[in-house]
Structure formats: structure tokens, C-alpha cells
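Tertiary structure, described
Take a look at the letters that make up each chain.
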Amino acid sequence: MDAVVDILKNHGFDLDPDNTGFELHEVVHARGFNNGDIFVFPSGTVVTWGLPHDVIDTLAAKHLLPAAQTPYQAEDKEIEDLDFLVDPEQEESSVSGSVVVLGTRREVKTGDKLDTTLAKIAFSSGLARSTKLAVLESSLTRYLESTRHIPDRLSQGLKAPLSRELILQKAGELLNLRSQLNHYHDLTDALPDIFWDSEEKLETYYAKIGKALDVGVRIKTLNDKMTYAQEVVNVAQGVLDISEKMTSEAHSTRLEWIIIGLIAIEVVFELRRVYMERYDVFQEELLTELRGLREEIKQLTAVASTRK
């Protein structure tokens, strides 16, 4: 926000001309040509009143972009328009449908623009909240589009190819989106910090613009979609775990059968060795008996010859 102040000063804008009393880290108010008001919020949202579209686009997309810690991508840019009317007969501002009605009676009477400026800040804060939410809605839509094939693959069972790297990446993207929604308090809190010590009517203005833009319903819908996306990721991770476990078990079973086969081969060779050893012993015994018989025959032959 300090960089925002420097940039606006260098371009000749008058900063906080009505002495609103807000801190720089809460909102920066500048007034440009033709009394057009510019409000810059820490969320990276720029809200203008009474400025042409080309001036707004140049200011937000060019001049103020160097102040962004994480400059938006082209697909993240969101623009929202609301009409506003000035009613010098009313002292309080209001929202009628999608039109903001600024009650400028006090400004007309005293010439003090502070009351009108505070009303603009309240309405601008609600509009900035809606625009920031629109960025997350678009990001989630792109995320869901990139993961729509996962349920189809899961319906095919364990044979469907799923990459753990892809699932981990999508889990990280979803976690990042959810943190942007729930950790940015100005989106989820009923009242931003900047209005805690302000007039009650500013809270009313902020609530009215939020209701007109259906911010509460959109936040709930966004959380519901993120919950569904989280379920898809969790199921995909579970399926991958089961698939890897089954693959590991199949590999273990295959190794067990290989070991059994090797043991069987070893048993066969051992039986062959035992058989061969026994066969050799049998041959030796048979040869010994044959030799003995031959000797006996020789002896008998010799005795017969002597008698003759």
C-alpha cells in the first residue's frame, strides 16, 4: 500500500482529500480529475467513482500493477460495474436493486464531502469483496474444468490410469484456493476490520451492498463446490492407494511363486543327486557280485579239470 501511495502521488492525484482517518493499510483514497474518486484496497482491488473505463483500465492494469506483490494473470482480471445516483434530498445513502443511491444532503448544506466519501468507502469495500470473490469463482471454475475427467476415470475402476503427481498437484491447487477464500478475513467476515470503530451506518451500507451482490450466498456456494472438489481428490487418492497396494501385493505374490519355483527346482536336483548316488552304489555292488560269481565259476572249472 505504500507503493500505491507513491504511484498515485507521482501521477498527481490528491490523497485522502477529505481526511477520512483510515490507515494506509486499510484503504487508499485518491481524487483525480473531474472529482472522480479512487479507492485502492489491500486485496488488490481498485474501485472508482465517476471515472471513464479507459482511465480505470490504465490505472489498475498499468500504473498500479508494480505495487502488487503477486500481479494477477490475464485470466484473473475481473471487472464489475454498478450504477450510482446522487440524491441531494436524502441524508442517508441506500441501495435500490443494483443501483447505489448516494444521499448528499449534508454535503450540499455544509460543503463537507466527508460523509459522502465515507459512504463511498463502505460501498466500495463491499464491491471490492464481491470482485475478489469473483476472481476465486473464476479460478475454481477453471480448476473444476481441469479435474472433470477424474470422476470419469474413477468410474472405470482401478484400470483407469491416474497419476499420483496429478492428484497431488490438484490437491495443492485446491488447498491454495480454499486458503484464499477462508484466510482472507475481508471476504468471510461479516464486517471488515476497517469498520469496527466507524459509524454504524457504514456497517449498514457495507451489509446492503453485500446483500445486493449475493456475497453471502456466493461464499457458501463456493465453499460447497470446494468441498465437492476435495471429495473428488480424496477419493482419487484413496483409489491410488488401493491400486498401489494391490500392485504391491501382486508383486509380492509373484515373488513368492518365483521362490517356490526355485525351491522346487532345487528339490528336483537334490532328488536326482540322491538317485544318482544310489544308482552308482547299486552298480558297484552288482559289479562286485558279478566278479565274485566269475571267481567261483573259475574255481569250479579248475576243480573239474583236476578230477579229469
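How each quantity is defined
- Along each chain, residues carry numbers from 1 onward, in the same order as the chain's sequence is written.
- In view of the model being predicted, local features appear only for residues whose pLDDT reaches at least 70, and side-chain atom pairs are presented and counted only at 80 or more, with totals across whole chains, interfaces and linings using the full set of residues.
- Hydrogens are left out, water is left out, and the side-chain values use all remaining heavy atoms of the structure.
- Between buried and exposed lies partly exposed: a residue is buried under 20% and exposed over 50% of the maximum accessible area for its type, with that area taken using a 1.4 Å probe on protein chains only.
- Helix and strand definitions follow DSSP, with helices as H or I runs of at least four residues and strands as E runs of at least two, each counted in order from the N terminus.
- Should DSSP find at least two bridges between two strands, the strands are taken to pair.
- Under the convention used throughout, the expected extent of a helix is 1.5 Å for every residue step, that is, one less than its residue count.
- The criterion used for residue contact is that any of the two residues' heavy atoms lie within 4.5 Å.
- The definitions used throughout rest on a 1 Å grid laid over the protein atoms alone, on which a cavity is an enclosed set of points accommodating a 1.4 Å probe that cannot get out and a pocket is an open set flanked by protein within 12 Å on both sides along at least five of seven lines; lining residues are those having an atom within 4 Å of a point.
- Grid points are joined across faces, edges and corners, and a volume is the space filled by probe spheres set on the points.
- Amino acids outside the nonpolar list (Ala, Val, Leu, Ile, Met, Phe, Trp, Tyr, Cys, Pro) and the charged list (Asp, Glu, Lys, Arg) are all regarded as polar, and Gly is one of them.
- The definition of a nonpolar core used throughout is a set of buried Ala, Val, Leu, Ile, Met, Phe, Trp, Tyr and Cys residues joined through side-chain atoms within 4.5 Å.
- Every angle, taken between N-to-C directions, lies between 0 and 180 degrees, and every axis is a line fitted to C-alpha atoms, over only the stretch in contact when it is a helix.
- In this scheme, patches are assembled from residues that exceed 30% relative accessible area and form no salt bridge. Like charges are connected within 9 Å, while nonpolar side chains (Val, Leu, Ile, Met, Phe, Trp, Tyr) are connected within 5 Å.
- The Shrake-Rupley method, run with a 1.4 Å probe, gives the accessible areas here. Residue values count only the displayed protein chains as cover.
- We define a salt bridge as a contact between a side-chain nitrogen of Lys or Arg and a carboxyl oxygen of Asp or Glu at a distance within 4 Å.

The element strand S7 (residues 99–103) is extensively covered by neighbouring structure, given that 4 of its 5 residues are classed as buried. Pairing between strand S5 (residues 83–87) and S7: 5 bridges, direction parallel. In the sheet register, Asp-87 faces S7, and the bridge partner there is Gly-103. Both strand S6 (residues 94–96) and S7 contribute to a ladder of 3 bridges, which runs antiparallel. Counterpart to Ser-94 in the pairing with S7 is Val-101. Here S6 folds back onto S7 in antiparallel fashion, the turn holding 2 residues, of which Gly-97 has a positive phi close to 65 degrees.

So, on to helix H8 (residues 200–212). Compared with an ideal rise of 1.5 Å per residue, which puts 13 residues at 18 Å, H8 spans 19 Å between its outermost C-alpha atoms and is within 8% of the ideal. Within H8, burial applies to Lys-201, Leu-202, Tyr-205, Tyr-206, Ile-209 and Gly-210. Asp-214 sits one or two residues past H8 and shows a positive phi near 55 degrees.

Its place among the elements puts Lys-170 in helix H6 (residues 164–182). Under the relative-accessibility criterion, Lys-170 is labelled buried at 9%. The contact partners of Lys-170, leaving out residues within four places of it in the chain, are Tyr-143, Ser-146 and Thr-147.

Glancing now at the layout of surface pockets. Remark: the empty space left among the atoms is shown by a probe the size of a water molecule rolled over them. Within this model, the second largest pocket holds a volume of roughly 210 Å³. As for the second largest pocket, its lining consists of 16 residues, of which Asn-35, Asp-37, Glu-107, Thr-116 and Lys-120 are closest to the centre. Listing elements by their share of the lining of the second largest pocket, those giving two or more residues are S5 and helix H4 (114–147). Of the residues assigned to the lining of the second largest pocket, the class counts are 4 nonpolar, 7 polar and 5 charged.

Attention now moves to the nonpolar core. Ranked by size, the top nonpolar core spans 44 residues in total, and within it Phe-123, Leu-181 and Phe-195 carry the most contacts. Among the elements of the structure, strand S4 (46–49), S7, H4, helix H5 (149–154), H6, H8 and helix H9 (215–307) are those that each provide at least two residues to this core. Per element, the largest residue contribution to this core is 11 residues, and it comes from H4. Judged by nonpolar contacts, the second largest core, of 12 residues, contains Val-5, Phe-13, Ala-30 and Leu-59.

Here 3 strands make up an open sheet; going across it, the order is S5-S7-S6 and the pairing mixed. Of all the strands in the sheet, the pair left with one neighbour each is S5 and S6. Adjacent strand axes in the sheet meet at a mean angle of 30 degrees when their direction is disregarded. Those strands touched by H4 are S6 and S7, and its axis lies near 160 degrees from that of S7.

Here the focus is a nonpolar patch on the surface. Together, Leu-255, Ile-258, Leu-262, Ile-265 and Phe-269 make up an exposed nonpolar region whose accessible area comes to about 480 Å². Take Phe-269: it is sitting in helix H9.

When you line up the elements, Thr-48 lands in strand S4. Setting aside anything within four residues of it in sequence, one finds Thr-48 in contact with Asp-37, Ile-38 and Ile-56.

Limitation: the analysis is restricted to geometry and does not speak to function.
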